[in-house]
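Structural overview for review
What follows is each chain in one-letter form.
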Amino acid sequence: MSRLVYVPRDAGALSLGAEAVAQSLRAEARRRGVALELVRNGSRGAYWLEPLLEVAGEDGVRRAYGPVSVRDVPSLFQADFLAGGAHPLALGPTEELPWFRGQQRLTFERVGRIDPASVADYVRHGGYAGLTRALGLAPGEIVAAVTTSGLRGRGGAAFPTGIKWKTVSEQAARQKYIACNADEGDSGTFADRMLMEGDPFALIEGMTIAALAVGATQGYIYLRAEYPHARRALETALAAAYQAHYLGADVAGSGRRFDLEVRLGAGAYICGEETSMLESLEGRRGEVRVRPPLPAIKGLYGQPTVVNNVITLASVPWILAHGAQAYADYGSGRSRGTLPIQLAGNIRRGGLVERAFGLSLRELLYDYGGGSASGRPIRTVQIGGPLGAYVPAGQFDTLLDYEALAGIGAMLGHGGIVVFDDTVDMARMARYAMEFCALESCGKCTPCRIGSTRGVEVIDRILAGEDGERNLKLLEALCDTMVQGSLCGLGGMAPFPVQSALKHFREDFRAQVR
Amino acid sequence: MKTLAAQELATVRRIIEECKGRPGPLIELLHAIQAELGFIPPEAVPVVAEGLNLSRAEVHGVVTFYHFFRRARPGRSTVSLCQAEACQSMGAAALSEHARQRLGVGFHETTADGRYTLEPVYCLGNCACSPAAMIDGELYGRLTPERFDALLAEDATSS
């Protein structure tokens, strides 16, 4: 009997040697005359265990081995791993690992569990149940379900998704669009990538439901060029979805049309800002547009457009399939549902943790993350990407929800958390924030374009010991100007890491001996 | 002004024909040119502008706005090292310095033998396995200077 063996094709797993492990497994099985069926799944998100190999037992339970390298393969066969044999790398049933047991995986329920290239496997694991439900509802009822669920934009802005969809649905237009923002540029984030590589049909289904709700017939996934693996996974899934008539002129036999394609970005962080992304989709420089009008009213090619992040859209099938209230039952305060948190940087057990809002930072960093990778004390974490504030260790009891973080002057953003140990130089990180803004500014507004460059210069002068106190005041005033005067979130938020570094780690801004 | 070689011109013209009926085709078209030629030759700009009925300034503006598009022929391999925060927290600066020393070039430069182009990149989405790099589309995680050297050595023996 042939055994199902899972070795991820997720880019992160591949970066640690999963491809070589898969090839070696095939070769060793052939050499031993053992029947083995290899599934290239997404990652479970426990990156410290990658490459994570799983074997499906006769009882249907998947048992994990990891991290596996090519030189472990012969000994795995010797230990009869296909029958669940004992081996130093054996971890037991995957979903019984403490890391997974406490998680509440809704949006990521299938990631790492299914074959991301197979519609049939997707459907077998509950896929397209949401679309089936949506096809039996009036457009207004779909919008109402999303509103009731409390889902807010997971890209970072946290705007209520249902309200956005309602605005688009109310517009009279000959053409409406669904534009998925897959320009996941924040350092410390990889949830979009994992989802697109591990369960691309969830995104396709979510976008199809959005199209039904607002009356759109064309969708685009704006994918960053840095994600070639996600691109291949999406292209494979799109072709399969067309083949199975889940996309095209007659979606699931409903008589409704929805076409969907991938458009590649070209390495511009600013294109994660929605109006800049629309400019880029139209083939132009990614310069931000002045709002109003909102994209929901005048978006792509001047038509009403839903712009949502990958995770937002991929959460919709679960909401439709299981009910809006079931989703809203998770969470805390006004942050409803679950959040896929990405633990990154200097952390022992980095990866993806999906939990209801309301987990404390401390629980996340120490219970899930196991402390720093270097073994040194964690000094600070940056939450929400390069525009997010640095949170000092003294505030690690803060809960992870939109309002609680806003309460300490931080923001959740796309849910990425980058960990730094006590060797970090915060003046240098502040300088980097300004430098990054200067590099990525679209150039349309002066506070961002000029302010970021002046910011780098002022920090350099402080560190060179030139008139320290006066220049620190100047830096604070400059941050204020950028926050108040920039056209979009890039210039408007790039000062947040700088301001938080000044507030919590002012001692790092002393003149440095050259 | 220099013009494109006949073969490159034919490639650019073919790509224009393939893309021009599509909505907002310029960026897709530039991706296609770069995929085939390795870069966007400056001499291709007027050809693309005419083909899409845009001004040269518009095409030039798009080519220069996006970091991904290059205007000079790159080395046979492109090594992109992540410089973003998560990788910084795990020693990206030291790794980058090692790579510069080892290859003898700075960022955005190509080695004298035309073998490697070194590029900075701002996040590869591999932030739980920092520091990360991409070499010719292949992703690498938890890179150390030793592992970096080993990869270059493998590359030298395989080609």
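Treat the numbers as computed from the prediction; the structure is a model and nothing was measured.

This paragraph deals with the pattern of salt bridges. Residues and elements named next belong to chain A. Here the structure, examined in full by the defined rule, presents 49 salt bridges over all chains. Glu28 is paired through a salt bridge with Arg31; the nearest N and O atoms lie 2.8 Å apart. Of this pair, Glu28 and Arg31 both sit in helix α2 (residues 18-32), separated by three residues, roughly a single helical turn. When salt bridges that share partners are traced, they join Arg44, Glu54, Arg62, Glu95 and Arg113 into one network.

Here the focus is the domain arrangement of chain A. Residues and elements named next belong to chain A. For chain A, the assigned domains read domain 1 (3-101), domain 2 (119-328), domain 3 (331-421) and domain 4 (426-509). Taking only C-alpha atoms into account, the centre of domain 1 sits 30 Å from that of domain 3. Across the contact, five residues belong to domain 1 and seven residues belong to domain 3. Between domain 1 and domain 3, the buried area comes to about 500 Å², and carbon and sulfur atoms account for 67% of it. Summed over the shared surface of domain 1 and domain 3, the number is zero salt bridges. Here domain 1 and domain 3 share two residue pairs in polar contact (both at pLDDT 80 or more) between them. Partitioning the side of domain 1 that touches domain 3 into residue classes produces four nonpolar, one polar and no charged.

Moving on, we come to empty space enclosed by the protein. Which parts of space are left empty comes out when a probe the size of a water molecule is rolled across the atoms. Under the counting rule described, the total for this entry stands at three cavities of 30 Å³ or more. As a volume, the largest cavity reaches approximately 70 Å³. Per-class residue counts for the lining of the largest cavity are seven nonpolar, four polar and one charged.

Another point: helix α11 (residues 228-243) of chain A. Taking 1.5 Å of rise per residue, 16 residues should cover 22 Å, and α11 of chain A covers 23 Å from first to last C-alpha, within 8% of that figure. Pro228, His229, Ala230, Ala233, Leu234, Ala237, Leu238, Ala240 and Ala241 of chain A are the residues of α11 of chain A that are buried.

Residue and element names in this part refer to chain A. With respect to the helices, strands and loops of the structure, Ser149 is situated in helix α7 (residues 139-149). When its relative accessible area of 0% is taken as the criterion, Ser149 is described as buried. Within the structure, Ser149 has its side chain in polar contact with the backbone oxygen of Val146 (distance 2.7 Å). If we skip the residues at most four places from it in the chain, Ser149 touches Ile319, Ala324, Tyr327, Ala328 and Arg336.

Along its sequence, chain B is organised into domain 1 (6-65) and domain 2 (77-158). Summarising the inter-unit geometry, the C-alpha centres of domain 1 of chain B and domain 2 of chain B are found 29 Å apart.

Under the definition given, this model contains 20 aromatic pairs over all chains. Both rings, one in Trp99 of chain A and one in Tyr368 of chain A, keep their centres 5.7 Å apart while their planes meet at 75°; by these two values the pair is edge-to-face. Taken as a pair, Trp99 of chain A in helix α4 (residues 98-101) and Tyr368 of chain A in helix α15 (residues 361-368) lie far apart in primary sequence, 269 residues in all. The class for Tyr368 of chain A is buried, based on a relative accessible area of 8%. Note on Phe68 of chain B and Phe69 of chain B: the rings are 6.3 Å apart at their centroids and 75° apart in plane angle, and the pair reads as edge-to-face. Judged by its relative accessible area of 6%, Phe69 of chain B is buried. Grouped by ring-pair contacts, the aromatic residues Tyr122, Tyr128, Phe201 and Tyr246 of chain A constitute a single cluster. Arg44 of chain A extends its terminal NZ or CZ atom over the ring of Phe100 of chain A, reaching a point 5.9 Å from the ring centre. Its end group placed over the ring of Tyr6 of chain A, Arg62 of chain A keeps NZ or CZ at 3.5 Å from the ring centre.

A few words on the sheet that holds strand β16 (residues 416-421) of chain A. All names here are of chain A. If you walk across this open sheet you meet the five strands as β13-β12-β16-β14-β15, and the pairing is mixed. Strands with a single pairing partner mark the edges of an open sheet, and in this sheet they are β13 (351-356) and β15 (390-392). Each neighbouring strand pair of the sheet contributes to a mean axis angle of 30°, computed without reference to strand direction. The sheet contact formed by strand β12 (residues 338-345) and β13 spans six bridges and is antiparallel. Note that in β13 the partner of Thr338 across the bridge is Ala356.

Residue and element names in this part refer to chain A. Tracing the sequence through the fold places Ala438 in helix α17 (residues 426-440). The spatial distance from the C-alpha of Ala438 to the C-alpha of Ile450 is 7.7 Å, given a sequence separation of twelve residues. If near-sequence neighbours (up to four positions away) are discounted, Ala438 is found in contact with Ser452 and Thr453.

Moving on, we get to the nonpolar core. Membership of the largest hydrophobic core comes to 158 residues, with the highest contact counts inside it found for Trp165 and Leu203 of chain A together with Tyr66 of chain B. Of all the elements, helix α10 (residues 200-214) of chain A adds the most residues to this core, at eleven residues. If sequence neighbours within four positions are ignored, Leu203 of chain A has contacts with Cys180, Leu195, Met196, Ile221, Leu234, Val310, Leu313 and Ala314 of chain A. Val353, Leu361, Leu405 and Leu412 of chain A belong to the second largest nonpolar core, which has 32 residues in total.

Right, let's talk about the interface of chain B and chain A for a bit. Across the boundary between the two partners, chain B contributes 38 residues, which contact 61 residues of chain A. Looking at the side of chain B facing chain A, the largest losses of area belong to Phe65, Glu85 and Tyr122 of chain B, adding up to 19% of the total buried there. At the boundary of chain B with chain A, the tally comes to two salt bridges. Its salt-bridge partner being Arg22 of chain B, residue Glu261 of chain A comes within 2.5 Å of it at the nearest N-O pair. Counting across the interface, chain B meets chain A through 24 residue pairs in polar contact (both at pLDDT 80 or more).

Criteria and cut-off values
- Residues numbered from 1 in each chain as written.
- Chains lettered and ligands numbered in written order.
- Predicted model: local features only at pLDDT ≥ 70, side-chain atom pairs only at ≥ 80, totals over all residues.
- Heavy atoms only, no water.
- Salt bridge = Lys/Arg side-chain N within 4 Å of Asp/Glu carboxyl O.
- Helix = DSSP H or I, 4+ residues; strand = E, 2+ residues; numbered from the N terminus.
- Domains from an automatic or database assignment.
- Contact = heavy atoms within 4.5 Å.
- Buried area = accessible area lost by both parts, 1.4 Å probe.
- Polar contact = N/O pair within 3.5 Å; in protein donor to acceptor, adjacent residues only side chain to side chain.
- Nonpolar A, V, L, I, M, F, W, Y, C, P; charged D, E, K, R; others polar.
- 1 Å grid on protein atoms, 1.4 Å probe; cavity = no way out; pocket = protein on both sides within 12 Å on 5 of 7 lines; lining within 4 Å.
- Points joined across faces, edges and corners; volume = space filled by probe spheres on them.
- Expected span 1.5 Å × (residues − 1).
- Buried < 20%, exposed > 50% of the residue type's maximum accessible area, 1.4 Å probe, protein only.
- Phe/Tyr/Trp six-rings, centres within 6.5 Å; stacked < 30°, edge-to-face > 60°.
- Lys NZ or Arg CZ within 6 Å of the ring centre and 35° of its normal.
- Pairing = 2+ DSSP bridges.
- Axes fitted to C-alpha atoms, helices over the stretch in contact; angles between N-to-C directions.
- Core = buried A, V, L, I, M, F, W, Y, C linked by side-chain atoms within 4.5 Å.

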